There are 2 protein chains.
Amino acid sequence: MTLTDDRVLDETITLADATGDALAHALDGPFHAVKHRWRIEVDADDVTRDPALGMAEARDWTLDKLTGLAHRHFAIAGFPAECGGDGTLPESVAHFEMMALGDLSLTIKSGVQHGLFGGAITNLGTAWHHETFLPDTISVALPGCFAMTERGHGSDVQSLETTITYVRETDEFEVNSPQASSEKIYIGNAARDGRMAAVFGQLWVAGECQGVHTILVPIRDADGESLPGVTLGDQGHKGGLLGVDNGTIAFDHVRVPRRMLLDRYGGVDDEGVYHSPIANPNARFFTMLGTLVRGRICVGAAAGSATRKALAIATTYATRRRQFRRPGLGAEIPLLDYLTHQRKLLPNLARAYAYGFAVNELALELGRVMEAEPRDAVRARALETRAAGMKALLTRWANDTVQTCREACGGAGYMTANQLTLLRGDVDVFATFEGDNTVLMELVAKALLLEYKNTWGDMDLWGTAQATARFVSDTIMERTAARPVIDRLVATARRRSGGDLLAARGWHVAMFEERERHTVESLAQRMRAAGRLPRAESAEAISQLGEHMLFAARAHTDRLVLEAFVAGIEQTRDAASRQMLEKLCDLYALATIEEGRAWFLEHQRMDPARSKAVTSAINALCGELRPHAAVLVEGLGVPETWLRSQMLA
Amino acid sequence: MTLTDDRVLDETITLADATGDALAHALDGPFHAVKHRWRIEVDADDVTRDPALGMAEARDWTLDKLTGLAHRHFAIAGFPAECGGDGTLPESVAHFEMMALGDLSLTIKSGVQHGLFGGAITNLGTAWHHETFLPDTISVALPGCFAMTERGHGSDVQSLETTITYVRETDEFEVNSPQASSEKIYIGNAARDGRMAAVFGQLWVAGECQGVHTILVPIRDADGESLPGVTLGDQGHKGGLLGVDNGTIAFDHVRVPRRMLLDRYGGVDDEGVYHSPIANPNARFFTMLGTLVRGRICVGAAAGSATRKALAIATTYATRRRQFRRPGLGAEIPLLDYLTHQRKLLPNLARAYAYGFAVNELALELGRVMEAEPRDAVRARALETRAAGMKALLTRWANDTVQTCREACGGAGYMTANQLTLLRGDVDVFATFEGDNTVLMELVAKALLLEYKNTWGDMDLWGTAQATARFVSDTIMERTAARPVIDRLVATARRRSGGDLLAARGWHVAMFEERERHTVESLAQRMRAAGRLPRAESAEAISQLGEHMLFAARAHTDRLVLEAFVAGIEQTRDAASRQMLEKLCDLYALATIEEGRAWFLEHQRMDPARSKAVTSAINALCGELRPHAAVLVEGLGVPETWLRSQMLA
């Protein structure tokens, strides 16, 4: 069945026929079964934290609830079944999203334990590590740390200072923090619960550095005391995520047996010789990091969930709270009847759907890439690029939107019992961890310039400038699920004109694509020009391209999101939901075009009249969707009892 | 001495000659003496709170520190000297700004006590109230509440439900909360410390409602127990400002003597008859509210201070923290050497200066308006309009910028000990209290449409539409301090062209002015057209103008800020500081034009080439200012010891 057929069939369907349930089903997509199980089996008490809990109580609560959920086989997907896992890798993202509708401390605690620590063992370790450590990791009997970031180096992982030195005499590794800047910081589970750490450091074997590798190091004994040579610190109070015990770890020549090295991509044999299936150290490093891509996907996905929850709270409140009177008429009217209030919330509701479909697609692609044998390097890099872009996009949106929701609820929004300030404080750091957003967007731009041919780490920006292709090929316009539909839509739109065009999906897609193509191509030209300058001038010229890189990355990621939305609609069988999603997609696309209209005007992709028409069209869509606010909120799939917002009681 | 003369004289001065001290002096302007006294006499311990304090400890700390400062004659300006005040009304804003560089709970506690409670007594009360209550209000011996907001009504003060009914038999007033929605909420000092409240309610005398008036009602006895008929609630944990004890107050037919009514603008005589010097109830209401304008000015000013502090922390960190290497070269480089990082911080530093000068001007105008005899109603409304616009602008900027600063410091920014998340949580609610920003900007637009001829409350939006002038006159382009200079600058710019134009202050001013004039005029036309429709359609059409109103208000306020910056530079005698301020003003003006470039392009005030040139000019200015980052930070005037950011230790 094609979109055109549907439109004919659905002639008698109206928006008013759409139900929240059917919309939620559509948005769940391939993960409906998993998400449905959460909704019917998990109570609000299992996943929502009292927002006024202090740090110590919040930490207790978080560990306790995570353990309980794991025992009930929630949040443990993506591990080998024989080690106690339950569910596929893509489903692990869906579990993470559901948990994030409850509480973000709980979510990040699971992210540290199952996603990062467990993920490192699964992806960087081999059979012995899996059998020995995964069962207790999954059940949370062995709380673990992902000890990557150091005081001196956050986003720049290749510059880590911690050393992992092979000691031939005793067949051990010695883990050491050579100076103050080598201390591991912001490490979840380090301050209180962690018993073992997956430590990232430079591997030295026989006097030669083999680059960053990962090794398991016990850090606390059964009584919770730190082990000899291990110095653990508590970083104490943070701007949010109080339930996660972030801390510091420093090693003073700590010895562990050779087999503790996670040696899937490089290890030391019985003769004390280093071997790796990947000869190039840079390629090896980025392949290792690449296997951890799930974490980045999950962080973006969870930020999306937190925003859905905030939107559910603020939109529901806006349908109930009345202030001021209609000009010239008597009764006080609900906040959501004001256009200014609609503009705060409804385009963001549309984005919530857009990003939801995009996350579903990303999760499915994660499964495909990680299961592919042999590994498809280009496809893997495309996934990593998309994950980086989506993480930056979603977490930026989450920060802005949760704040908008807080303000849209006035003074009530500021009361902790109404939940929004908890969400705000918790989601804040999502812009930073799993890669600072600015750094991630630069990585996306680099990948586009290199057409996924090289790994990010193969070269710095100067190298990138040298390697940038003369013309950017169609590789970056990679075929997404919706491609055949997209091509048809674009072709159809070419035959339309005027106001009609603003409602044509093909026009939206064409606008997104042109912006991406133009910004990436002009970036490529400027990058090549900068690369041809003398070395010092070249560095300065490349530095001037920073904002252009961010913009190109954003344009690329926006286009992927729109295509995912189109694909999501294609998959939706319920006709009324489908009509509603089409309206939401219109609003998402037009709001994105409006937000970026300066670029479209500067590059003469729109004239001033059309730019103003886009704004009018958005206002009209807000009016059309306003009566369906409750259905749109229900469609976000947040269990109503989990909102726990006092003002909605 | 004129600007042109200076430029000739200063030929040999370079930016590098500028010192932080001289810049701070320039930015302090007329308030240098007051601010200097704070900087040399007040220790960090007096004004900075441990950000990890729980709610109960934070409340203790806040009351204690405020009392201590008041006893040392800080933060008690703007009261009659004979009652214990020390300093002028404009100086009260400067005191508030300095306190906000320390801690926002402390600041808001003072705002509640001295600004709102004390301000109500000063401005709405008469001699007996002043003599009886001001001394203990100033010394904080009598902690008081400003009981305006109700559960049912926040921004819409005219719809308050609390009643103040005159009881002829006993010559008393009876204060009552008729229903659940009449309960006073979010009231500072209500949860714990308040002994008395200035209660806003509808005054009923002899069966007739005289509109909102204010009455003093004791709420707690000397032991802190609530008085009979008064129900006090604690709103507990909030998203920030933990040191302020916000609570609820409900009255069950509470009687107080007649003289407790703050009767400057309306009271009951010995015969039980209501009298007021202002016959029109609406005019009376808005005159009363107008006398409280200081609160709105102070909230904007304090938000500006909080942002200065955040910028001082993040910019200093960015000069020290090194990450990644220069493309093709070896050493790790400071974050602030990246253009992407400069773009996050430097335009905001420029805005900090712009808003600082604008706040100075606003504070001085506050003094002129409040002291004018007889009261100049148009000038008063212009001040209220400007105060509303600046409050909305500054608090929006504060929220966005403190968050930007948090993210610019990465994981370190999220650690409570580094201060940024405390600022973030505290400043959040500034967007809401003293008037929701959206509501305030609509008030600004209304005032512009009515050319300050009517008070805001005289009419709803439908009435506004009827009264909107055919053409907007020059009234809204009211003469600011800098007007003669501005006219000259605009004339000069007309003779320039091309890239040269981008550095011409006159061009900046012309762009700001044209945007304001066009948006206000087109709003007036649309508003008049909407007003001519049948009543129900009219309401809908007016509602559609909400976004346009916000935009016009913003354009107006931006123009006032730019003119204040120009005036501030005019007042600056130190040549090197002056040059630095000119650069900052360029950056402020261009960043504002860039941010609004979609409008300028849509309205053909810029062509695409110039729009792109603006962006390039901003990038170049960032490069020019980068080496002076430390001086620019020092110039913000935040005492270094008050930063208390662990990562800068």
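Once a new chain begins, its residue numbering starts again from 1 and follows that chain's sequence as written. Ligands are numbered from 1 and chains lettered from A, in the order in which they are written. The model is predicted, so local features are restricted to residues of pLDDT at least 70 and side-chain atom pairs to those at 80 or more, both for listing and for counting; the totals for chains, interfaces and linings are taken over all residues. Neither water nor hydrogens contribute to the side-chain values; these are computed over all heavy atoms in the structure.

Visitor: Requested: an account of the pattern of salt bridges, with residues and values cited.
Guide: Pairing of side chains with opposite charge becomes possible as their charged atoms draw close. Salt bridges are counted wherever a side-chain nitrogen of Lys or Arg sits within 4 Å of a carboxyl oxygen of Asp or Glu. The full count for this structure, using the stated rule, is 82 salt bridges over all chains. For Asp400 of chain B, the salt bridge goes to Arg396 of chain B, with nearest N and O atoms at 3.4 Å. Of this pair, Asp400 of chain B and Arg396 of chain B both sit in helix α12 (residues 377-408), four residues apart, which is roughly one turn of that helix. The buried label goes to any residue with under 20% of its type's maximum accessible area, the exposed label to any with over 50%, and the partly exposed label to all in between, with areas taken from a 1.4 Å probe on protein chains only. Overall, the relative accessible area of 41% leaves Asp400 of chain B in the partly exposed class. The network of salt bridges with shared partners includes Asp60, Lys109, Arg192, Asp193 and Asp245 of chain A. Strands here are runs of E lasting at least two residues and helices are runs of H or I lasting at least four, both read from the DSSP assignment and numbered beginning at the N terminus.

Visitor: How would you sum up the interface of chain B and chain A? Please name residues and give values.
Guide: By definition, residues are in contact when any of their heavy atoms lie within 4.5 Å. The partner chain A presents 75 residues to the 75 residues of chain B that form the contact. Here the quantity called buried area is the total loss of accessible area, with a 1.4 Å probe, experienced by two parts when brought into contact, counted for both. For the pair chain B and chain A, the two sides together bury roughly 6200 Å², of which 51% comes from carbon and sulfur. Applying the counting criterion to the chain B and chain A interface returns six salt bridges. For Glu602 of chain B, the salt bridge is made with Arg597 of chain A, and the minimal N-O distance between the two is 2.8 Å. A 3.5 Å cut-off defines polar contacts: any pair of N or O atoms within that distance qualifies, except that in protein one atom must be a possible hydrogen donor and the other a possible acceptor, and neighbouring residues in sequence count only when both atoms are side-chain atoms. Scanning the region where chain B abuts chain A turns up 34 residue pairs in polar contact (both at pLDDT 80 or more). For the side of chain B that touches chain A, the per-class residue count stands at 21 nonpolar, 28 polar and 26 charged. Nonpolar residues are Ala, Val, Leu, Ile, Met, Phe, Trp, Tyr, Cys and Pro. Charged residues are Asp, Glu, Lys and Arg, and all others, Gly as well, are polar.

Visitor: Just give me the short version of the environment of Thr432 of chain B, but keep the residues and values in it.
Guide: If you trace the backbone, Thr432 of chain B turns up in the loop between α14 (420-428) and α15 (437-449). Sequence spacing of Thr432 of chain B and Leu27 of chain B is 405 residues, and the spatial spacing of their C-alpha atoms is 27 Å. Dropping the residues within four chain positions of it, Thr432 of chain B is found in contact with Arg406, Glu407, Gly410 and Gly411 of chain A together with Lys391 of chain B. Looking at Thr432 of chain B, its side chain comes within polar contact range of the side chain of Arg406 of chain A, at 3.0 Å.

Visitor: Tell me about the packing of aromatic side chains, and name the residues and values.
Guide: Residues and elements named next belong to chain A. Planes of paired rings set the category: under 30 degrees apart is stacked, over 60 is edge-to-face and the rest tilted, where pairs are Phe, Tyr or Trp rings (Trp by its six-membered ring) whose centres lie within 6.5 Å. For the coordinates displayed, the defined rule picks out 26 aromatic pairs over all chains. Plain terms: the ring middles of Tyr355 and Trp397 are 4.8 Å apart, the flat faces sit at 75° to each other, and that makes the pair edge-to-face. A residue pair is termed long-range when its members are at least 10 positions apart, and Tyr355 in helix α11 (residues 339-371) and Trp397 in helix α12 (residues 377-408) qualify at 42 residues. Judged by relative accessible area, Tyr355 falls into the buried class, the value being 3%. Where Phe565 meets Tyr588, the ring centres are 6.3 Å apart and the plane angle is 45°; that geometry is what we call tilted. Of the two residues, Phe565 is situated in helix α21 (residues 546-571) and Tyr588 in helix α22 (residues 575-595); the sequence distance between them amounts to 23 residues. Neither residue differs from the other here; Phe565 and Tyr588 are each classed as buried.

Visitor: Pulling in residues and values, what's your account of unusual backbone geometry?
Guide: Residues and elements named next belong to chain A. The step from Glu373 to Pro374 runs through a cis peptide bond, and the omega angle for that step is -5°. Note that Pro374 resides in the loop between α11 and α12. Residue His253 is not a glycine yet carries a positive backbone phi of 50°. Look at His253 and you get partly exposed, because its relative accessible area is 43%.

Visitor: Can you explain the sheet that holds strand β4 (residues 184-187) of chain B? Please cite residues and give values.
Guide: Residues and elements named next belong to chain B. What makes two strands pair is DSSP finding at least two bridges between them. The sheet built from three strands is open, its strands ordered β4-β8-β7 with antiparallel pairing. On the outer flanks of this sheet lie β4 and β7 (230-234), each paired with one strand and no other. If you compare each strand with its neighbour and ignore which way they point, the axes differ by 20° on average. As paired strands, β4 and strand β8 (residues 247-251) are joined by two bridges and run antiparallel to one another. Along β8, the bridge assignment pairs Lys184 with Ile249. To get an axis, a line is fitted to the C-alpha atoms, and for a helix only the part in contact is used. The angle between two axes follows their N-to-C directions and goes from 0 to 180 degrees.

Visitor: Explain the packing of helix α10 (residues 293-320) of chain A against α12 of chain A residue by residue, including any values.
Guide: All names here are of chain A. At a closest axis distance of 8 Å, the pairing of α10 and α12 adopts a crossing angle of 25°. On the basis of the axis angle, α10 is roughly parallel to α12. Note on packing geometry: the crossing formed by α10 with α12 is left-handed. Here the contact of α10 with α12 is composed, by residue class, of 19 nonpolar, five polar and three charged. The scheme is simple: roughly parallel for angles under 35 degrees, roughly antiparallel for over 145, roughly perpendicular for 65 to 115, oblique for anything else. What makes a crossing left-handed is the near helix being turned counterclockwise from the far one by less than a right angle; a clockwise turn instead makes it right-handed.

Visitor: I'd love a proper account of helix α19 (residues 505-531) of chain B, names of residues and values included.
Guide: Over its 27 residues, α19 of chain B runs 39 Å from end to end, which matches the ideal 39 Å to within 8%, given 1.5 Å per residue. Burial within α19 of chain B is extensive, with 19 of its 27 residues counted as buried. A helix is expected to span 1.5 Å multiplied by its residue count minus one.

Visitor: Give me the confidence of the model for chain A: which residues, what numbers.
Guide: pLDDT gives the predictor's per-residue confidence on a scale running from 0 to 100. On average, residues of chain A score 93 in pLDDT, and 94% of them reach the 70 mark or higher. Model confidence for the complex: the whole-complex pTM is 0.95, and ipTM, which rates the interface, is 0.94.

Visitor: Explain the packing of helix α7 (residues 104-124) of chain B against helix α8 (residues 127-138) of chain B residue by residue, including any values.
Guide: Residue and element names in this part refer to chain B. Where α7 meets α8, the axes come as close as 10 Å, and the angle between the chain directions of the two elements is 170°. Looking at the two axes, α7 sits roughly antiparallel to α8. Note on element contacts: α8 touches α7 through His129, His130, Phe133, Leu134, Asp136, Thr137 and Ile138, opposite Gln113, His114, Phe117, Gly118, Ile121 and Thr122. In terms of residue class, the contact of α7 with α8 is made up of five nonpolar, seven polar and one charged.

Visitor: So what about the side chain of His114 of chain A? Which residues, and what values?
Guide: Residues and elements named next belong to chain A. In this fold, His114 is placed in helix α7 (residues 104-124). For His114, a relative accessible area of 2% puts it in the buried group. Separated by 2.9 Å, the side chain of His114 and the backbone oxygen of Ile138 make a polar contact. In this structure His114 touches Leu66, Ala70, Ala75, Ile76, Phe79, Gly119, Thr137, Ile138, Val140 and Arg294, once residues within four positions along its chain are discounted.

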